[in-house]
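Remarks on the overall topology
Given next are the chains, with one letter for each unit.
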Amino acid sequence: MRESFDRGSSMVSDTDGAFVLSLGLSRERWDELVREFEMKFGHKPTYIARAPGRVNLIGEHIDYAHFGVFPAAIEHDILIACAPQSMSTNITHTSTHQPGSVVAENLHTRYTRQVFTPTYCHTVGDDVPRDAVRVAPWHLDIDKSELRWESYVKAGYYGVLNHFFTPSSTSTVPVPVEILVTGNVPPGSGLSSSAAMVVSSTLAFLATNGIFDGEDAPTKGELVNIAMENEKRVGVNSGGMDQSASVIALPGSALYVSFAPSLHAEPIVLPRNAVLVCANSLVVSNKAENARHQYNLRVVETLVAARVLSNYLNLEVDSTDGKATKRRLVTLREVLARKGNFYRDEQDAQQEELTQLRKGLEDMLKGKVLDYLLPRVEGRTGVTLDEMIYMSGMDKAEFMEVYFSWVDVETTHFELYLRAKHVFEEALRVLQFREVCLAGGDNEESKLQTLGKLMNDSHESCNKQFDCSHSKVNDLVQVARSFSEMETGRGKGKVYGSRVTGAGWGGCIVCLVHREDADAFIVHVKERYASYEGMSEEDLANSVFATEPGMGACVFRCT
Ligand code: NG1
Ligand code: MG
């Protein structure tokens, strides 16, 4: 991890509310949160941790293949008011006050109060492997079988405990904590409510334990890594896009985030007249529940595609230990970099060469290499498990160990070719998108058109090659695009591009619209998407909204 981001302590701001207001955040929500915290716990919170959701402009399902992506933080966020548990006000939860115990409340009435205490495993016995003690001495029960709100709180806490309360760290005993959560990022909508939950939870436990004040304060880069690991505890093997956007984003800029050879984020300003509009298809995508045949399956397909390509290209991706070859997971980005001779490992930790990367992608897409991923049988693109194992050059036992032992997926059919093709094409589109944004000159209109075209192409590929859209999402995209046939009084409506954003299989689309047309565009979409019929004004406003790139996570000390 590069130390290129601020020390984490700069994430804490003292505020009497003025800072909150100057950011354009709704003061009422913050005041209500503080009031409710006092009602529930009998004292004021010490901190409020805030982490935003994000919208991804382009670069879908390529972060876990380690290619760069292009998200922006949105104004919607998760807020967690928190404080160490107070001895004097412990009327309602007498059984707590044990080290690290947590009383978690949610402002949303659907989510009930949760009380939990982590356990510390400090002895190495028959049933406790030595590694478990060294790597993760703290344990918290996280239910992966169903989506529970407190799982995200626990996931954030788990990382804090196992990074900052280990035998080798300066802190030893976590304080008992009270938290109250509220949020307005619509769940399951591709705007990353989950990362916002995990990041804000991570921040809340770091702050209440005083870690930002000590020498262990993490950098923003370290926070991203911790939040990424934490999110995996909930059962989704995600890449790092959402956590990077939520932690690192700066107001007014989108981010180009790359992951190889190490995490790097570059703020990029969009053209002056670009407005992003998000519209929710209202199809809730339950990523944790469907991960076995959706998200996690895509992660496995892209990783196996990388293995098959490295086998056919004879790339030296495995290490040898004496005579035995040690197999490991390789990403599509690593295959590309090794093939193009620009592979660097994390030790070098320099920013990747974008010109080399671009050339590598163009070569890969021009050549015939991707055909290695097709079955040797005409008429289908996907392969069976046995075909895939054969193509990997590995024996079955080691293949199963490397590719399936850590993940639960459900299918008999793997679309290695289509998934890899999407990943390489999408990675190239992200680089083109970045270049257009950075190019000088004042040909705004043509820039917006090029960006929009890249977004439209991305949607087609998500839909057809990556199979992560949904018929209703496609309907919504069509509604959005039909704005370009409408007369606005200034000519035809200026919507440049529309695409599914985030993991997909439901959720939101993101549209690139001309600033002057944003209001008319929003009305257009609200009036025409079938599932919006009969919705209240308030629900409609929460379903279709313009957003400016917002600021990343922060902790506010309540004064
Ligand atoms: P969502 O489900 O939209 O938050 C997920 C992953 C990302 C990325 C996108 C697809 C998580 C937390 N995030 O985002 O890392 O892979 O899908 O581009 O699972
Ligand atoms: Mg998510």
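Keep in mind the model is a prediction, meaning the values are calculated, not measured.

Scoring rules and cut-offs
- Residues numbered from 1 in each chain as written.
- Chains lettered and ligands numbered in written order.
- Predicted model: local features only at pLDDT ≥ 70, side-chain atom pairs only at ≥ 80, totals over all residues.
- Near = placed C-beta within 6 Å.
- Helix = DSSP H or I, 4+ residues; strand = E, 2+ residues; numbered from the N terminus.
- Nonpolar A, V, L, I, M, F, W, Y, C, P; charged D, E, K, R; others polar.
- Pairing = 2+ DSSP bridges.
- Axes fitted to C-alpha atoms, helices over the stretch in contact; angles between N-to-C directions.
- Contact = placed C-beta atoms within 7 Å.
- UniProt positions renumbered as here; feature names shortened; annotations may be inferred.
- Expected span 1.5 Å × (residues − 1).
- Buried ≥ 20, exposed ≤ 12 C-beta atoms within 10 Å, placed from the backbone.
- Parallel < 35°, antiparallel > 145°, perpendicular 65-115°, else oblique.
- Left-handed = near helix turned anticlockwise from the far one by under 90°.

**Focus on the site of ligand 1**
Neighbouring residues of ligand 1: 18 residues in total, closest Ser192, Ser238, Gly239, Gly502 and Ala503. Put simply, the parts of the chain that give the shell around ligand 1 at least two residues each are helix H5 (193-208) and helix H7 (241-248). By residue class, the composition of the shell around ligand 1 is five nonpolar, eight polar and five charged.

**Regarding the sheet that holds strand E11 (residues 274-280)**
Strand order in the open sheet formed by four strands is E14-E15-E11-E16, with antiparallel pairing between adjacent strands. Strand pairing shows two members of the sheet lacking a second neighbour, strand E14 (495-500) and strand E16 (544-547), which therefore form its edges. Pairs of neighbouring strands in the sheet enclose a mean axial angle of 25°, with direction left out of account. In this sheet, E16 lies alongside E11 in antiparallel orientation, the contact comprising four bridges. Looking at E16, one finds that Leu276 is bridged to Thr547. Its contacts with the sheet place helix H15 (residues 444-464) against E11, E14 and strand E15 (508-514), and it is angled at close to 25° to E14.

**Quick word on the UniProt feature "domain: Galactokinase N-terminal" (unreviewed entry) in the protein chain**
In the numbering used here, UniProt assigns the "domain: Galactokinase N-terminal" (unreviewed entry) feature to residues 36-84. What you have in residues 36-84 is 12% helix and 55% strand, and the ends, taken at the C-alpha atoms, are 16 Å apart.

**Focus on helix H14 (residues 416-438)**
Its 23 residues give H14 an end-to-end C-alpha distance of 33 Å, which sits within 8% of 33 Å, the value for a rise of 1.5 Å per residue. Across the 23 residues that make up H14, a large majority, 17, are buried.

**Some remarks on the environment of Ile58**
Its place among the elements puts Ile58 in strand E2 (residues 47-58). Considering only alpha carbons, one finds Ile58 and Gly68, ten residues apart in sequence, at a separation of 9.6 Å. In this structure, Ile58 is in contact with Phe70, Arg429, Val430, Phe433, Leu454, Met455 and Ser458, ignoring residues within four places of it in sequence.

**Digging into the UniProt feature "domain: GHMP kinase N-terminal" (unreviewed entry) in the protein chain**
In this structure's numbering, the residues bearing the UniProt feature "domain: GHMP kinase N-terminal" (unreviewed entry) are residues 169-247. For residues 169-247, the helix share is 46%, the strand share is 9%, and the end-to-end C-alpha distance is 23 Å.

**Structural notes on the packing of H5 against H7**
It is the contact of H5 with H7, at a shortest axis distance of 9 Å, that shows an interaxial angle of 55°. Comparing the axis directions of H5 and H7 gives the class oblique. In the crossing of H5 with H7, the sense of the turn from one axis to the other is right-handed. Residue-level inspection shows Ala195, Ala196 and Val199 of H5 in contact with H7, the latter providing Asp242, Gln243, Ser246 and Val247. Here the residues of the contact of H5 with H7 sort into four nonpolar, two polar and one charged.

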